[in-house]
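Fold and geometry: a report
Each chain is listed here by its residues.
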Amino acid sequence: MTAISPTEQAATRATSIVAAEAQARARLRKRHALVIGLRLAILVVFLGLWELCADYNIIDPFFFSSPSGIWEQIWSWVTEGTSQGPLWLQIYVTLEETFLGFAIGAVGGIVAGIILGRNKLLADVFSIYIKIANSVPRVVLGSVFIIALGLGMASKVALAVVMVFFVVFANAFQGVREADRAMIANAQILGASPMQITRSVIIPSAMSWILASLHVSFGFALVGAVVGEFLGAKQGMGLLISTAQGAFNANGVFAAMIILAVMALVVEFLITRFENYVVKWRPAPFNEQGT
Amino acid sequence: MQSQTMAAEKLSPAAPPADAAIAIDDVTLRFVTPDGHMMTAIRDFTMTVARGEFACVVGPTGCGKSTTLNLVTGLLRPTTGGVRVMGNPVTDISRDIGFVFQADALFPWRSVIDNVAAGPLFRGTPKAQAYEKARDWIGRVGLSRFEKHYPHQLSGGMRKRVALAQTFINQPKILLMDEPFSALDMQTRTAMQDELLGLWSGLKSSVVFVTHDLEEAVALADKVYVLTAGPGTVKSVYRIDLPRPRVMADIRYDPKFIEIAKVIWNDLREEVQLGQSRGLQTGH
Ligand SMILES: Nc1ncnc2c1ncn2[C@@H]1O[C@H](COP(=O)(O)OP(=O)(O)O)[C@@H](O)[C@H]1O
Ligand SMILES: [Mg+2]
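Here is what the cut-offs are and how they apply
Residues numbered from 1 in each chain as written. Chains lettered and ligands numbered in written order. Predicted model: local features only at pLDDT ≥ 70, side-chain atom pairs only at ≥ 80, totals over all residues. Heavy atoms only, no water. Pairing = 2+ DSSP bridges. Helix = DSSP H or I, 4+ residues; strand = E, 2+ residues; numbered from the N terminus. Axes fitted to C-alpha atoms, helices over the stretch in contact; angles between N-to-C directions. Contact = heavy atoms within 4.5 Å. Core = buried A, V, L, I, M, F, W, Y, C linked by side-chain atoms within 4.5 Å. Buried < 20%, exposed > 50% of the residue type's maximum accessible area, 1.4 Å probe, protein only. Near = heavy atom within 4 Å. Polar contact = N/O pair within 3.5 Å; in protein donor to acceptor, adjacent residues only side chain to side chain. Areas by Shrake-Rupley, 256 points an atom, 1.4 Å probe, with all protein chains shown as cover. Nonpolar A, V, L, I, M, F, W, Y, C, P; charged D, E, K, R; others polar. Buried area = accessible area lost by both parts, 1.4 Å probe. Salt bridge = Lys/Arg side-chain N within 4 Å of Asp/Glu carboxyl O. Expected span 1.5 Å × (residues − 1). Arc of directions from axis to C-beta. Patch = residues over 30% accessible without salt bridge, like charges linked within 9 Å, V, L, I, M, F, W, Y side chains within 5 Å. Domains from an automatic or database assignment. Phe/Tyr/Trp six-rings, centres within 6.5 Å; stacked < 30°, edge-to-face > 60°. Lys NZ or Arg CZ within 6 Å of the ring centre and 35° of its normal.

Residue and element names in this part refer to chain B. What the seven strands build is an open sheet, ordered 1-11-10-4-9-8-7; its pairing is mixed. The sheet is open, and its two edges are formed by strand 1 (8-11) and strand 7 (97-100), each paired on a single side. Each adjacent strand pair in this sheet contributes to an overall mean axis angle of 20°, direction not counted. Pairing between strand 4 (residues 54-58) and strand 9 (residues 206-211): five bridges, direction parallel. Pairing of Ala55 across the sheet is with Val208, part of strand 9. Relative to strand 8 (residues 174-178), helix 1 (residues 65-73) is tilted by about 155°, and along the sheet it contacts strand 4, strand 7, strand 8, strand 9 and strand 10 (223-227). The sheet contacts of helix 5 (residues 186-203) involve strand 4, strand 8 and strand 9, and relative to strand 4 the element is tilted by about 140°.

Here it is as structure tokens:
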């Protein structure tokens, strides 16, 4: 047996590592810039083609609008207000209904999911009713709520609540059921009471399931609020769409749609921030590591 | 075959004495399977662990080793027979018990220090005191630099150290371990075995250590229980009179150790073969 002595000098190795790291970082930056650039290019091409097709009447702007028409519509809403009052008020009303419905539905879904997930008997008894309730097409309930609760905010909030509740409930329930049995036994033997197990094992392990459902269900809450307004309201983005539709104003429909999309994206971003804050213990997924 | 040695004395099973730390007295346990049949996991099982004794249980997969441990924790109840811990019949999960699991049972959303402090916090120790204790135990398993890390940021061996600290911080009089090191590589496992013996000699708890690795059992134990293929019962019991303190890296080459391991392996071999052929039949 002969030992092999290291021939490479430590110093040169260190400098070559530094150089390689700098190279790798530069490559990453370039790639990032490329992705952003391509995204922008696609957007520009898409909007440009739309505008051109509308200008040359390849598609009829009366039905399919055009980017410039949509922009003019949004601008006039911002500067002159809508037929129902200022645009900000419409956004505010819809957001208020959405958030209220989202909050009530999510809290209710989480609580119900945890209680039924922790209690086998309750779960067995109630599962059938939840299945039935879940299979009712929820948008139809909007009409019921308008009849029962009137044209005000309550009917929209109620529709948003039912849109959100079942999604969050199903995920919370599943998350509780998936909680690792060894982990629960560990907590039990370490001395945790049933309440402490729920708080420090069940809820954290269901958290990623719950957060995943919050992403989807915020969109559902928005749909609930808008559909509710669409069916009958005095204020809100849904009413704006339905008014525009009544006047065959395609620009108005598209403009309202884009405003709603931006609202959804902003909230989605906030939820992601919240999620990253709450589950900071989670390892980064592979595709995000190293960027 | 007269290979009985001084070091591995075969004991005759006897009814457990009253002052034993753990006494499993003629226990049979049947599970009701989901399709409504009865399935015997262990039968006529008798086992005694004296105070401060380190007992290892070896047997083929599925013979009821984990079931035995769960009887001691109280998470399972015997169908017939009795289980006593520190002289008292097992009714609820005892505060005297610590359990190290085979799988990772750390809380992934808690940092190392929060994981180790969990036991005292659950048991109502004031926060400052619990964390002070946790810091002490993290130091004892050599992880002081990693207090703030989350489990996923640690290696398998480090996570096992955290699990040991998490269990030992409650200073359990009874320590149950279910194949705790089976997922570790050879070097890490040897290091963890030394770590365990070190911690145990400071605490003097009574240990039941389940493993399917006979050499691990002989290296660690005062007493080795060999179980039959399922439904499990005690096939034979050996007292291991190797001197302590033992060094895990060296003990494997000790001629006495090799001799003992051979004797017990003769006993265990047919059960393992039986267990495997049955496993193939039932598709486990
Ligand atoms: N909760 C349970 N319900 C039904 N059968 C079980 C349950 N737990 C274990 N068993 C069965 O009991 C036997 C012993 O299991 P276990 O104690 O886990 O074996 P080991 O730990 O020795 O591998 C196995 O055949 C297993 O399938
Ligand atoms: Mg097992």
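With that settled, the discussion passes to the nonpolar core. Residues and elements named next belong to chain B. Core analysis: the largest hydrophobic core is formed by 54 residues, its most contacted members being Phe54, Val116, Leu196, Phe209, Val224 and Ile264. The greatest single-element share of this core, amounting to six residues, is contributed by helix 4 (residues 156-168). If near-sequence neighbours (up to four positions away) are discounted, Leu196 is found in contact with Phe54, Phe168, Leu175, Met177, Phe181, Phe209 and Leu220. If you look at the next biggest cluster of nonpolar residues, it comprises 35 residues, including Val27, Val49, Leu71 and Val85.

What follows is about the site of ligand 1. Residues and elements named next belong to chain B. With respect to spatial proximity, the complete set of residues near ligand 1 consists of Phe31, Met39, Ala41, Thr61, Gly62, Cys63, Gly64, Lys65, Ser66 and Thr67. Within the backbone of Cys63, a nitrogen or oxygen atom sits 3.3 Å from an oxygen atom of ligand 1. In the complex, 64% of the free accessible area of ligand 1, which totals 560 Å², lies under the protein chains. Residue contributions to the shell around ligand 1 peak at three residues, all from helix 1. A class-by-class count of the residues in the shell around ligand 1 yields four nonpolar, five polar and one charged.

Many structure descriptions define interface size as the accessible area lost when the parts assemble. Taken together, the contact between chain B and chain A spans 23 residues of the former and 20 residues of the latter. Between chain B and chain A lies a buried interface of about 1900 Å² when both sides are counted; carbon and sulfur atoms form 70% of it. Taken together, the links from chain B to chain A amount to zero salt bridges. For the interface between chain B and chain A, the tally reads seven residue pairs in polar contact (both at pLDDT 80 or more).

A few words now on the sheet that holds strand 5 (residues 80-85) of chain B. All names here are of chain B. In spatial order, the strands read 3-2-5-6; together these four strands make up an open sheet with antiparallel pairing. The open sheet terminates on both sides in strands that have one partner only, identified here as strand 3 (38-49) and strand 6 (88-89). Alignment of strand 5 against strand 6, held across two bridges, turns out to be antiparallel. Opposite Val85, over in strand 6, you have Asn88 as the bridge partner.

Here we come to helix 6 (residues 138-149) of chain A. Residue and element names in this part refer to chain A. Over its 12 residues, helix 6 extends 16 Å from the first C-alpha to the last, a length consistent with the 16 Å expected when each residue adds 1.5 Å. Residues of helix 6 that are buried include every one of Arg138, Gly142, Phe145 and Ile146, and no others. Buried residues along helix 6 cover an arc of 115° about the axis, so they all sit on one side. Opposite the packed face of helix 6, turned more than 90 degrees from it, sit the exposed residues Val140, Ile147 and Ala148. Buried residues along helix 6 sit in contact with helix 5 (120-135), helix 7 (153-177) and helix 9 (194-231).

Attention now moves to a nonpolar patch on the surface. Residue and element names in this part refer to chain A. Together, Leu121, Val125, Phe126, Ile128, Tyr129 and Ile132 make up a nonpolar patch on the protein surface, roughly 620 Å² of accessible area in all. Locating Ile132 in the fold gives a position in helix 5. Exposure remark for Ile132: the relative accessible area of 48% places this residue in the partly exposed category.

All names here are of chain B. Among the structural elements, Arg246 can be located in the loop between strand 11 (234-240) and helix 7 (248-251). Separated by 3.4 Å, the side chain of Arg246 and the backbone oxygen of Val218 make a polar contact. A distance of 3.1 Å separates a polar side-chain atom of Arg246 from the backbone oxygen of Leu242. When sequence neighbours within four positions are dropped, the list of residues in contact with Arg246 reads Asp194, Leu197, Val218, Ala219, Leu220, Ala221, Asp222, Ile240 and Ile251.

With that settled, consider the side chain of A:Ser217. Topologically, A:Ser217 is positioned in helix 9. With residues up to four places along the chain from it excluded, the contact list for A:Ser217 reads A:Phe102, A:Val164, A:Val167 and A:Val168.

The subject of this paragraph is the domain arrangement of chain B. Residues and elements named next belong to chain B. What the domain assignment reports for chain B is domain 1 (2-96 + 172-282) and domain 2 (106-171). Facing the 16 residues of domain 1 at the interface are 13 residues of domain 2. The three residues of domain 1 that bury the most area against domain 2 are Arg95, Pro172 and Leu199, which together make up 39% of that side's buried surface. On inspection of domain 1 and its partner domain 2, the count reaches one salt bridge. Between Arg161 and Glu195 there is a salt bridge, with its nearest N and O atoms 2.2 Å apart.

As a further point, take the packing of aromatic side chains. What the rule picks out here adds up to 15 aromatic pairs over all chains. Both rings, one in A:Phe102 and one in A:Phe218, keep their centres 5.3 Å apart while their planes meet at 80°; by these two values the pair is edge-to-face. One end of the pair, A:Phe102, is in helix 4 (residues 87-118); the other, A:Phe218, is in helix 9, with 116 residues separating them in the sequence. Like A:Phe102, the residue A:Phe218 is buried in the burial classification. Feature note: the residues A:Phe165, A:Phe166, A:Phe169 and A:Phe173 constitute an aromatic cluster, connected by ring pairs. One cation-aromatic arrangement involves B:Arg140 over B:Trp137; the distance from NZ or CZ to the ring centre is 4.0 Å. Sitting over the ring of B:Trp200, B:Lys204 keeps its end group 5.6 Å from the ring centre.

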